[in-house]
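The primary structure of each chain is shown beneath.
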Amino acid sequence: MTDVTGVPVDVLQTLFHSEQGGHEQVVLCQDRASGLKAVIALHSTALGPALGGTRFYPYASEAEAVADALNLARGMSYKNALAGLDHGGGKAVIIGDPERIKSEELLLAYGRFVASLGGRYVTACDVGTYVTDMDVVARECRWTTGRSPENGGAGDSSVLTSYGVFQGMRASAQHLWGDPTLRGRKVAVAGVGKVGHHLVEHLLSDGAEVVITDVREESVRRITERHPEVAVAADTDALIRTEGLDIYAPCALGGALNDESIPVLTAKVVCGAANNQLAHPGVEKDLADRSILYAPDYVVNAGGVIQVADELHGFDFDRCRAKASKIFDTTLAIFARAKEDGIPPAEAADRIAEQRMAEARRR
């Protein structure tokens, strides 16, 4: 069913009436000449201009794309709040296979749509978009981060994203085992692309035993050729069932923690870079019931957004790395709040983020 605008009613129901909604603004973008179809979702600007990346993905339907944009934008509000940034949450998705339809014309058209928001939304890279793409978008829109150093940007944000996840793992180890080192721990990494392969390097340097999987053979081969000691699982299902896992790191798309994966997960900790890892409300309780410690994804993967936010003020890598190091302390504080309130860490993180946003609205 659709309303008079042709938008599926369930999308409008989500936007205006559900807990997943509450967004300030959602923009549907179309440029027929280039083939651009995009959704820009602004969840909150309470802390400042909404900041979040642009995902380029072949969604099965426009409704699925809108739902993903809404969920991702909401997650960015919470991520930016807990990262201590003066930014609200936003996200954009471009509908289509980037390997087939991405073009300079399309990216320029998209940049014009972002520019039309007058700075309420600041964009960056995400799944399917890269530094070179942001350089093109920036030609039409000054509210673009994640650009190349040659064009005044900070470059690849996956470097600090992986570093932040590593800090979240160290905090998890400190909380659970009383020692922040990963030495001797068996860590499974699902997805070794832009972020995952950097994370593997951190883990190996700290003495961890690493098992990986990825749908792209070339991504796996890039790691095993350099590090033959790294084990490989056939797929994610086999990976999460690996005996003796200490930590599971989902680093691909969302929904990794669901009704099928949690009962067979052997790890004692989940800490990864993927966004929206919890497939549905209630999953965090399922993890707690199995005594699996969950480091909330939007907390530990905030290194990238810390980097792109810093780019707006003149990028300094050492300053950003110092900020990303604080993910260790933030994660420990969330675990402490969860224990104090008798709630799962995901709920504790939400409460802390919501408190900061509420205080900003009152000012």
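Conventions adopted
- Residues numbered from 1 in each chain as written.
- Predicted model: local features only at pLDDT ≥ 70, side-chain atom pairs only at ≥ 80, totals over all residues.
- Heavy atoms only, no water.
- Helix = DSSP H or I, 4+ residues; strand = E, 2+ residues; numbered from the N terminus.
- Buried < 20%, exposed > 50% of the residue type's maximum accessible area, 1.4 Å probe, protein only.
- Contact = heavy atoms within 4.5 Å.
- Areas by Shrake-Rupley, 256 points an atom, 1.4 Å probe, with all protein chains shown as cover.
- Lys, Arg positive; Asp, Glu negative; His and termini not counted.
- Charge placed at Lys NZ, Arg CZ, Asp CG, Glu CD.
- Salt bridge = Lys/Arg side-chain N within 4 Å of Asp/Glu carboxyl O.
- Axes fitted to C-alpha atoms, helices over the stretch in contact; angles between N-to-C directions.
- Parallel < 35°, antiparallel > 145°, perpendicular 65-115°, else oblique.
- Left-handed = near helix turned anticlockwise from the far one by under 90°.
- Nonpolar A, V, L, I, M, F, W, Y, C, P; charged D, E, K, R; others polar.
- Pairing = 2+ DSSP bridges.
- Phe/Tyr/Trp six-rings, centres within 6.5 Å; stacked < 30°, edge-to-face > 60°.
- Lys NZ or Arg CZ within 6 Å of the ring centre and 35° of its normal.
- Core = buried A, V, L, I, M, F, W, Y, C linked by side-chain atoms within 4.5 Å.
- Polar contact = N/O pair within 3.5 Å; in protein donor to acceptor, adjacent residues only side chain to side chain.

J.: Please provide a residue-by-residue account of the overall build of the chain, values included.
T.: Along the chain, the regular secondary structure elements total 15 helices and twelve strands. For the chain, the spread of C-alpha atoms along the three principal axes comes to 55 × 45 × 45 Å. Within the chain, the proportion of its 363 residues that are buried is 53%. Long-range contacts, defined here as pairs at least 24 residues apart, represent 64% of the contacts in the chain between residues at least 6 apart. Here the chain displays about 15800 Å² of accessible surface, and carbon together with sulfur accounts for 48% of that area. Counting 37 positive and 49 negative side-chain charges, the chain places the averaged centre of each group 4 Å from the other.

J.: I'd like a description of the pattern of salt bridges, backed by residues and values.
T.: Pairing is possible between side chains of opposite charge, provided their charged atoms come close. All told, the structure shown has 23 salt bridges when counted by the stated rule. One salt bridge connects Arg185 with Asp246, and the closest N-O pair in it is separated by 3.8 Å. Here Arg185 is found in the loop between α6 (158-177) and β7 (186-190), whereas its partner Asp246 is found in the loop between α9 (236-240) and β10 (247-250), with 61 residues between them in sequence. Taking the relative accessible area as the measure of exposure, Arg185 reaches 23% and is therefore partly exposed.

J.: For the environment of Asp329, give the residues involved together with the corresponding values.
T.: Relative to the assigned elements, Asp329 resides in helix α14 (residues 327-341). Sequence separation of Asp329 and Val211 is 118 residues, and the distance between their C-alpha atoms is 27 Å.

J.: Could you give me a rundown of the packing of α6 against helix α7 (residues 196-205), with the residues and numbers involved?
T.: Axis separation between α6 and α7 bottoms out at 8 Å; the angle between their running directions is 45 degrees. Classified by the angle their axes make, α6 and α7 are oblique. Like other packed secondary-structure pairs, α6 and α7 cross with a definite hand, here right-handed. Contacts from Ser158, Val159, Ser162, Tyr163, Val165, Phe166 and Met169 of α6 reach α7 at His198, Leu199, His202 and Leu203. For the contact of α6 with α7, the residue count by class is seven nonpolar, four polar and no charged.

J.: Hey, could you go over the pairing of β7 for me, with residue numbers and the actual values?
T.: A large share of β7 lies buried, amounting to five of its five residues. Alternating residues of β7 divide into Lys186, Ala188 and Ala190 and Val187 and Val189, and every residue in both groups is buried. Note that β7 and strand β8 (residues 209-213) share five bridges and pair parallel. In the strand pairing of β8, Val189 is matched with Ile212.

J.: Residue-level account of the packing of aromatic side chains, with values.
T.: Under the counting rule described, the total for this entry stands at three aromatic pairs. Ring centres 5.8 Å apart and planes at 75 degrees place the aromatic pair Tyr78 and Tyr298 in the edge-to-face group. Pair noted here: Tyr78 is in helix α2 (residues 62-82) and Tyr298 is in helix α11 (residues 297-300), with a separation of 220 residues, a long-range link. Each member of the pair, Tyr78 together with Tyr298, is buried. Its end group placed over the ring of Trp177, Arg185 keeps NZ or CZ at 3.8 Å from the ring centre. The residue whose ring lies beneath Arg321 is Tyr163, and the NZ or CZ to ring-centre distance is 4.0 Å.

J.: Report on the pairing of strand β1 (residues 25-31), specifying residues and quantitative values.
T.: Side-chain direction in a regular strand flips from residue to residue, so the side chains alternate between the two faces of the sheet. In this sheet, strand β2 (residues 36-44) lies alongside β1 in antiparallel orientation, the contact comprising seven bridges. Looking at β2, one finds that Gln25 is bridged to Leu42.

J.: Break down the sheet that holds β8 for me, citing the residues and quoting the values.
T.: A sheet is described by the order of its strands in space; here six strands give the open sequence β9-β8-β7-β10-β11-β12, paired in parallel fashion. Each of the sheet's edge strands pairs with one partner strand only, and the pair in question is β9 (231-232) and β12 (293-294). Inspection of the sheet shows β8 paired to β9 by two bridges, in the parallel sense. Residue pairing in the sheet places Val211 in a bridge with Ala231 of β9. Relative to β7, α7 is tilted by about 170 degrees, and along the sheet it contacts β7, β8 and β10.

J.: For the nonpolar core, give the residues involved together with the corresponding values.
T.: Residues Ile40, Tyr110, Met169, Val189 and Leu203 are the most contacted members of the largest nonpolar core, which totals 63 residues. Top element by residues in this core is helix α4 (residues 104-115). It accounts for six residues. Excluding anything up to four places from it in sequence, Leu203 contacts Phe166, Met169, Leu182, Val187, Val189, Ala208 and Val210. Core analysis: the next-biggest nonpolar cluster, separate from the first, contains 19 residues, Ile240, Ile262, Leu287 and Ala346 among them.

J.: I'd like a rundown of the environment of Tyr59, residues and numbers included.
T.: The residue Tyr59 is located in the loop between β4 (54-57) and α2 in this model. For Tyr59, a relative accessible area of 9% translates into the label buried. Taking the C-alpha atoms as reference points, Tyr59 and Ala360, 301 residues apart in sequence, are found 35 Å from one another. Non-local contacts of Tyr59, meaning those with residues more than four positions away in its chain, are made with Glu64, Ala65, Asp68, Val93, Ile94 and Ile95. In terms of polar contacts, Tyr59 uses its side chain to reach the side chain of Asp68, at 2.5 Å.

J.: Describe in detail the environment of Asn80, supporting the description with residues and values.
T.: Tracing the backbone through its elements, the reader meets Asn80 in helix α2. Taking the C-alpha atoms as reference, Asn80 lies 14 Å from Ala124; in sequence the two are 44 residues apart. Those residues in contact with Asn80, other than ones at most four positions away along the chain, are Leu51, Leu85, His87, Gly88, Gly89, Val305 and Arg356.

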